Amino acid sequence: MNLTINDKPCSSAVGQTVGKAARLNHSHVGYICGGHGVCNACYVTVLEGADCLAPLTEIEQAFLSPRQIAAGGRMACQATIAKEGNVKVLSRPEEVRNMLFSNPFALFAYAAQMGQDTIRQIVPGIQNYAGRIARNDLGCKEWPEDLKESIAGAVGLAVETLPQMIPFKEQLMGLLGNLPQLPFQLPFAQAKPAEHLERVTITVAPPKD
């Protein structure tokens, strides 16, 4: 099985959820509820291999808007790998990070769209959650172990990626380059760098008698 999460190849197997594979491989996918379909923090966009995943679950149909589903949106904790093949997904945090450094102004429209999706699915989401509580179908016995695994995955992700993210000079400069030009010059920007200063020779004549 070839699973790629945020451009990172991950070990995975048929029958495993994308969220489970993400945790085991320290990939950047939300781990808040431990994979119980409550928080929707594990939202991912399937870029390739949607046919290798099982159909949307009842939980996904309740929490995801028609627009998100049409765009390839899945909840990683619910998206089960059904057959061998190539699957490539992008998590919401990574999508936001990529947008921040490539086109930061698009984040406003992105946030508004996500807000609309959330508002649209509030009632179906609450109904689904209430129904699972009534059926005692939230897997409460597994929560402590699942949350422990989620925390371990999040720590592993931080340990693995933090050293790579410290030298972010190139990304920061790219972000600044995408900002609009200021209508004024900052004082320090008006001064010429030392290497561009012209050399001036001053000759002092001896005093006349």
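Keep in mind the model is a prediction, meaning the values are calculated, not measured.

Some points on the nonpolar core
Most often, soluble globular proteins keep nonpolar side chains buried together rather than apart.
Okay, step 1: Leu 3, Ile 5, Val 18, Val 29, Leu 53, Met 75 and Val 89 are the most contacted members of the largest nonpolar core, which has 27 residues in total.
Okay, step 2: When contributions to this core are tallied by element, the ones reaching two or more residues are strand 1 (2-5), helix 1 (18-24), strand 3 (43-48), helix 2 (58-63), strand 5 (86-91) and helix 5 (106-120).
Okay, step 3: Among residues more than four places away in sequence, those in contact with Leu 53 are Val 18, Val 46, Arg 74, Ala 79, Thr 80, Ile 81, Ala 82 and Val 87.

Looking at the pattern of salt bridges
Opposite charge on two side chains allows them to pair when their charged atoms are near.
Okay, step 1: Taken as a whole and judged by the stated rule, the model has 6 salt bridges.
Okay, step 2: The partner of Asp 7 in a salt bridge is Lys 88, and the shortest N-O contact between them spans 3.7 Å. Of this pair, Asp 7 sits in the loop between strand 1 and strand 2 (8-10) while Lys 88 sits in strand 5; the two residues are 81 residues apart in sequence, bridging distant segments of the chain.
Okay, step 3: You can call Lys 88 partly exposed: its relative accessible area is 30%.
Okay, step 4: Salt-bridge contacts for Arg 97 lead to Glu 94; the nearest nitrogen and oxygen are separated by 3.1 Å. Highlighted residues: Arg 97 and Glu 94, both in helix 4 (residues 92-102), separated by 3 residues, approximately one helical turn.
Okay, step 5: For Arg 97, a relative accessible area of 25% puts it in the partly exposed group.
Okay, step 6: By relative accessible area, Glu 94 is classed as buried at 12%.

Observations concerning the side chain of Gln 121
Okay, step 1: Among the structural elements, Gln 121 can be located in the loop between helix 5 and helix 6 (122-134).
Okay, step 2: Engagement of the side chain of Gln 121 in a polar contact is seen with the backbone oxygen of Leu 64, the distance being 3.4 Å.
Okay, step 3: In this structure, Gln 121 is in contact with Gln 61, Ala 62, Phe 63, Leu 64, Ser 65 and Pro 66, ignoring residues within four places of it in sequence.

Looking at helix 5
Think of an α-helix as turning once every 3.6 residues; residues three or four places apart then point the same way.
Okay, step 1: The end-to-end C-alpha separation of helix 5 is 21 Å, in line with the 21 Å expected for 15 residues at 1.5 Å each.
Okay, step 2: All of the buried residues along helix 5 are Tyr 110, Met 114 and Asp 117. Along the axis of helix 5, the buried residues cluster in a sector spanning 55 degrees; they form a single face. Across helix 5 from its buried face, at more than 90 degrees, point the exposed residues Phe 108, Ala 109, Gln 116, Ile 119 and Arg 120.
Okay, step 3: Contacts from the buried residues of helix 5 go to strand 3, helix 3 (66-70) and helix 4.

Rules behind the numbers
Residues numbered from 1 in each chain as written. Predicted model: local features only at pLDDT ≥ 70, side-chain atom pairs only at ≥ 80, totals over all residues. Heavy atoms only, no water. Core = buried A, V, L, I, M, F, W, Y, C linked by side-chain atoms within 4.5 Å. Buried < 20%, exposed > 50% of the residue type's maximum accessible area, 1.4 Å probe, protein only. Helix = DSSP H or I, 4+ residues; strand = E, 2+ residues; numbered from the N terminus. Contact = heavy atoms within 4.5 Å. Salt bridge = Lys/Arg side-chain N within 4 Å of Asp/Glu carboxyl O. Polar contact = N/O pair within 3.5 Å; in protein donor to acceptor, adjacent residues only side chain to side chain. Expected span 1.5 Å × (residues − 1). Arc of directions from axis to C-beta.

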